[in-house]
Amino acid sequence: MSNQTHPYHLVNPSPWPAVGAVGLFCSTLGTAMAMHQKSGGVFIAMVGAALVLYTMFVWWRDVIHEAHVEKVHTAAVSRGLRAGMALFITSEVLFFAAFFWAFFNASTLPKEPLSDVWAIAQGVWPPKGIHPFDPFHLPFLNTLILLLSGSTVTWAHYAIQQNNRKDAVQALWFTVILGLLFTSCQAFEYTHAAFGFKDGVFASTFFMATGFHGFHVIVGTIFLTVCLVRATKAQFTPRQHLGFEFAAWYWHFVDVVWLFLFVFVYCDFANKLMPVFEAIFTGANMLIAFLLVLLASGYFAGRSVLSGGLKVPKISSH
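Predicted, not measured: the structure shown is a model, and the values here were computed from it.

1. Focus on the nonpolar core
Step number 1: By size, the foremost hydrophobic cluster in this structure holds 54 residues, and its most contacted members are Leu-172, Phe-195, Phe-206 and Phe-244.
Step number 2: Mapped by element, the contributors of at least two residues to this core are helix 3 (75–108), helix 4 (138–161), helix 5 (165–191), helix 6 (201–232) and helix 7 (242–266).
Step number 3: Every residue in contact with Phe-206, bar those within four places of it in the chain, is listed here: Phe-133, Glu-189, Tyr-190, Phe-195, Gly-211, Val-265 and Tyr-266.

Pasting the structure below:
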C-alpha cells in the first residue's frame, strides 16, 4: 500500500536523459565534423540522431505507460504537463519569430548588406532575378489543406470528449492524410522553385521559414499518427486524453504559423501595408497620440480621485 500523501508523480530512475544527452552530443560532434569534411563525421552524426530518436520513442512510451497503466497522471500532474507543453509551444513561437524578423528586416527595408554575394537594389523587393511563387496557386491549396486539417483534429477532439471512438479514429485518419498531402505538395513546390537556397536573402529566409514549418508538419503528423494508434486501442477517454490534447495544440500552432507564412511571406502583405504604416506612424501623429493618451489618463485619474473624495461614510445605527 502506498503511503504517498501528495498528488504528484515521482518518476522512477530512468536512463533516457543520459542516453539522450549522449545522442545530442554525438549529433553535434558528427555534424560539425561533417561540415569540416572530417572522416567519420557523417557516421557519428547518424548514430547520434538514431540515439535521439530512440530516446524520444522509449521516453514517451514510458509517459504513456504512466498515464494508461499506472494511472498516475493526477490533476496536479496534468496541470504541470500542460504548463510544460504551453512553454514548449511558446519557445517554438519565438523560434519562428526570428525567421519572420529576418524576412521583415530584409523585405520592408531592402538594402545592400552583402553587395558581392547577395546584391539587392536599393528599395527593390524581391531582389532582381528572384521570381517568387504565385501565392494563389499551390500555397493557397496548402492553406486550405491545413485549415481543413485543423477542422478535422477539432472534430476528433469533440468525438473523444463525447466518448465516440469511431468518429475520433475517422477524424484522425483524415487529419493524418491531410498532413501527408500538405508535405507532398510542399515537396513538389520546392522541386519547382525558380531559385535555390543560396540565391540571396529572399531565398535563404524563405526556405528556412517554410522548411522548418514543413519539418514541424512532419513532426505533428507523426504525433497525430501515434494518437491514431492509441485511439484505435481505446486509450483515450473523455476525462483522460492528455496526449491527444497536446497533439491538437501542436497542430493548431502549425496551422497558425502557416497562415502567417502565407500572408506575410507568400503574399508579402507587410510591404503592401508599408505605405499605410508610413502615413499613420509619422512623428507628428505619434506626438498627438501621446498627448491624447496623457490627457485621457489625467482626466480619468482626476475623476477617480474626485469620486473617491466625495464619498460620505455611512453611520452605523448600532
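2. A few points about a nonpolar patch on the surface
Step number 1: The grouping of Phe-136, Phe-140, Leu-144, Leu-147 and Leu-259 at the surface amounts to a nonpolar patch, some 450 Å² of accessible area in total.
Step number 2: A per-element tally of the nonpolar patch places helix 4 first, with three residues.

3. Regarding the packing of helix 4 against helix 5
The geometry of a pair of packed helices is captured by two quantities: the angle between their axes and the separation between those axes.
Step number 1: Their axes nearest at 8 Å, the elements helix 4 and helix 5 cross at an angle of 160°. By the angle class used here, helix 4 and helix 5 are roughly antiparallel. Here helix 4 runs over helix 5; the crossing is left-handed.

4. A closer look at empty space enclosed by the protein
Taking a probe equal in size to a water molecule and rolling it over the atoms shows the remaining empty space.
Step number 1: Counted by the stated rule, this structure contains one cavity of 30 Å³ or more.
Step number 2: Considering only enclosed or pocket space, the largest cavity measures out at about 40 Å³ in volume.
Step number 3: Looking at the largest cavity, the residues that line it are Pro-132, Phe-133, Phe-202, Phe-206, Val-265 and Tyr-266.
Step number 4: Contributing elements (two or more residues each) for the lining of the largest cavity: helix 6 and helix 7.

5. Here we look at unusual backbone geometry
Step number 1: Despite not being glycine, Ala-234 shows a phi value in the positive range, around 60°.
Step number 2: Relative to the helices and strands, Ala-234 is located in the loop between helix 6 and helix 7.
Step number 3: By relative accessible area, which is 41% here, Ala-234 ends up partly exposed.
Step number 4: In the Ramachandran plot, Asp-268 falls in the positive-phi region, its phi being about 55° despite a non-glycine side chain.
Step number 5: Assignment of secondary structure puts Asp-268 in the loop between helix 7 and helix 8 (269–280).

6. Comments concerning the environment of Arg-230
Step number 1: Relative to the assigned elements, Arg-230 resides in helix 6.
Step number 2: Looking at Arg-230, the relative accessible area reads 11%, which means it is buried.
Step number 3: In sequence terms Arg-230 and Val-169 are 61 residues apart; their C-alpha atoms lie 9.3 Å from each other.
Step number 4: If we skip the residues at most four places from it in the chain, Arg-230 touches Ile-64, Gln-235, Phe-236 and Gly-243.

The rules behind each value
Going along each chain's sequence as written, the residues are numbered from 1 onward. Side-chain atom pairs in this predicted model are given and counted only at pLDDT of 80 or more, local residue features only at pLDDT of at least 70, and totals for whole chains, interfaces and linings cover all residues. Side-chain descriptors were evaluated using all non-hydrogen atoms of the structure, hydrogens and water having been removed beforehand. Buried residues of nine kinds, namely Ala, Val, Leu, Ile, Met, Phe, Trp, Tyr and Cys, make up a nonpolar core once their side-chain atoms join them within 4.5 Å. Working definition: with a 1.4 Å probe on protein chains only, accessible area under 20% of the residue-type maximum means buried, over 50% means exposed, and in between means partly exposed. The secondary structure listing takes helices from DSSP runs of H or I that are at least 4 residues long and strands from runs of E that are at least 2 residues long, numbered from the N terminus. In what follows, residue pairs with any heavy atoms lying within 4.5 Å of each other are defined as contacts. Here the term patch refers to residues with relative accessible area over 30% and no salt bridge, with like charges joined within 9 Å and nonpolar side chains (Val, Leu, Ile, Met, Phe, Trp, Tyr) within 5 Å. Surface exposure here means Shrake-Rupley accessible area, sampled with a 1.4 Å probe, where a residue is shielded only by the protein chains that are shown. For this document, the term salt bridge refers to a Lys or Arg side-chain nitrogen within 4 Å of an Asp or Glu carboxyl oxygen. Angles shown run from 0 to 180 degrees and are taken between the N-to-C directions of axes, each axis being a line fitted to C-alpha atoms and, for helices, limited to the stretch in contact. Working rule for angles: under 35 degrees goes down as roughly parallel, over 145 as roughly antiparallel, 65 to 115 as roughly perpendicular, anything else as oblique. With the far helix as reference, a near helix turned anticlockwise by less than a right angle produces a left-handed crossing, and one turned clockwise produces a right-handed crossing. Whether a set of points on the 1 Å grid over the protein atoms alone is a cavity depends on a 1.4 Å probe fitting there but being unable to get out, while an open set qualifies as a pocket with protein on both sides within 12 Å along at least five of seven lines; lining residues are those with an atom within 4 Å of a point. Grid points are joined across faces, edges and corners, and a volume is the space filled by probe spheres set on the points.

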